[in-house]
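# Topology and contacts: notes
The lines below spell out each chain.
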Amino acid sequence: MVTLIVTDPLTGIAMAGMDPVSYFTEPAPLSGVSDYEYIWQNVPWHFATAANRDIFVSAPEIYAPQFGGHDVTGVSRGFVADSDPYFYAVFKQRLYLFYSAANREAFLLSPDATGRTAEEKWPELSKNLSIN
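First, a word on what this report is: a plain description of the structure on this page. Keep in mind that this is a model prediction, so the values were computed, not measured. (Residues numbered from 1 in each chain as written. Predicted model: local features only at pLDDT ≥ 70, side-chain atom pairs only at ≥ 80, totals over all residues. Heavy atoms only, no water.)

### Brief notes about the packing of aromatic side chains
- Per the stated rule, a full pass over the model turns up twelve aromatic pairs.
- Each ring, one from F24 and one from Y63, has its centre 5.2 Å from the other, and the planes form 85 degrees; the classification is edge-to-face. Highlighted residues: F24 in helix 1 (residues 22-25) and Y63 in helix 3 (residues 60-63), separated in sequence by 39 residues.
- Under the relative-accessibility criterion, F24 is labelled partly exposed at 22%.
- Ring centres 5.1 Å apart and planes at 50 degrees place the aromatic pair F47 and F56 in the tilted group. Each member of the pair F47 and F56 is classed as buried.
- Through successive ring pairs, a cluster of aromatic residues spans F67, F91, Y96, F98, F107 and W122. (Phe/Tyr/Trp six-rings, centres within 6.5 Å; stacked < 30°, edge-to-face > 60°. Helix = DSSP H or I, 4+ residues; strand = E, 2+ residues; numbered from the N terminus. Buried < 20%, exposed > 50% of the residue type's maximum accessible area, 1.4 Å probe, protein only.)

### Considerations on the nonpolar core
- I5, M15, Y23, W40, W45 and F56 are the most contacted members of the largest nonpolar core, which totals 16 residues.
- Mapped by element, the contributors of at least two residues to this core are strand 2 (43-47) and strand 4 (94-98).
- In this structure, W40 is in contact with I5, W45, F56, P60, E61 and A64, ignoring residues within four places of it in sequence.
- The next biggest cluster of nonpolar side chains, apart from the first, holds ten residues, and it includes F67, V72, V75 and A118. (Core = buried A, V, L, I, M, F, W, Y, C linked by side-chain atoms within 4.5 Å. Contact = heavy atoms within 4.5 Å.)

Note that every value here comes from positions in space, so none of it alone points to a role or purpose.
Right, here's the structure in full:
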């Protein structure tokens, strides 16, 4: 079953344990640790520091990846695909994850249009996704 928020299939942790706040604050994203865990939308999220966890808690909709971490390029094309947290882009202060480097490159060719199309398609696509 496809879930609303992409999680690691073995652990159930969002973004394979990567710290979502670190994508905005560090040169490269950091791995989170279970010591700094926060449950949001019934999914555990891990953070590299207590400060990053607290930042996320104050505004998860800002720091969580768009479209539940599903590949934005896929969403814009009308389907839901998981993503790899190592293929990402921060665009207009939002985090986008991708299934592949090729999908990331496709997004970067036209990020505004891809994002708009994904926003239009997401409500319908996300209707049948399970919470966890």
